[in-house]
Amino acid sequence: MCARLRELELGAVADLGFVGLDDGEGEQPAVITGFRASGGKRLSSSKKVVNRLISSLRAPVEHGFASLKTFRILSKVRMHPRHATALVRALLVLTHHQVAR
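Residues numbered from 1 in each chain as written. Predicted model: local features only at pLDDT ≥ 70, side-chain atom pairs only at ≥ 80, totals over all residues. Heavy atoms only, no water.

Looking at the overall build of the protein
From N to C terminus, the protein includes four helices and two strands. Seen in sequence order, the protein has helices and strands lined up from the N terminus as α-β-β-α-α-α. Restricting the contact set of the protein to residue pairs at least 6 apart, pairs at least 24 apart contribute 28%. (Helix = DSSP H or I, 4+ residues; strand = E, 2+ residues; numbered from the N terminus. Contact = heavy atoms within 4.5 Å.)

Dropping the structure here:
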């Protein structure tokens, strides 16, 4: 996955479940994750700030997926995938607008 992201010159922001996925090839990571406290040590204040920034980037997307799951929209869609993609995009924009208020 990381190789494909680099090939397309893209990146991904992921949660702490994906720590260690990116093997760190090159200067820019393909998958950006937060920091995890380990060994009973607390995170430094700068690492906490980074985790908050990553969470703020991920929040609208997580809210959008939660809405899609709640309304079971994708399980009820009976249309061409192109139209379903447009529907999902529109719903995510509306969700992002609602979260941003």
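A look at the nonpolar core
Judged by nonpolar contacts, Cys 2, Leu 5, Ala 14, Ala 30 and Val 31 together constitute the single largest core of five residues. Beyond its immediate stretch of four places on either side in the chain, Val 31 contacts Met 1, Cys 2, Leu 5, Ala 12, Ala 14, Leu 21 and Asp 22. (Core = buried A, V, L, I, M, F, W, Y, C linked by side-chain atoms within 4.5 Å. Buried < 20%, exposed > 50% of the residue type's maximum accessible area, 1.4 Å probe, protein only.)

Digging into the confidence of the model for the protein
For the protein, the average pLDDT comes to 80, and 86% of its residues sit at 70 or higher. Per-element averaging of pLDDT across the protein places helix α3 (residues 73–76) at the bottom with 69 and strand β1 (residues 12–13) at the top with 86. (pLDDT = per-residue confidence, 0-100.)

What about the environment of Ser 67?
Relative to the elements of secondary structure, Ser 67 occurs in helix α2 (residues 45–71). When its relative accessible area of 25% is taken as the criterion, Ser 67 is described as partly exposed.

Quick word on the pattern of salt bridges
Enumeration according to the criterion identifies three salt bridges in this entry. Linking Arg 58 and Asp 15 is a salt bridge whose minimum nitrogen-to-oxygen distance equals 3.8 Å. In this pair, Arg 58 is assigned in helix α2 and Asp 15 in the loop between β1 and β2 (31–32), connecting sequence segments 43 residues apart. Accessibility expressed as a relative area gives 18% for Arg 58, which makes it buried. With a shortest N-O distance of 2.7 Å, Glu 62 and Arg 58 are connected by a salt bridge. Here Glu 62 pairs with Arg 58, and both are found in helix α2, just four residues apart, close to one helical turn. Connected through salt bridges with shared partners, the residues Asp 15, Arg 58 and Glu 62 form a single ionic network. (Salt bridge = Lys/Arg side-chain N within 4 Å of Asp/Glu carboxyl O.)

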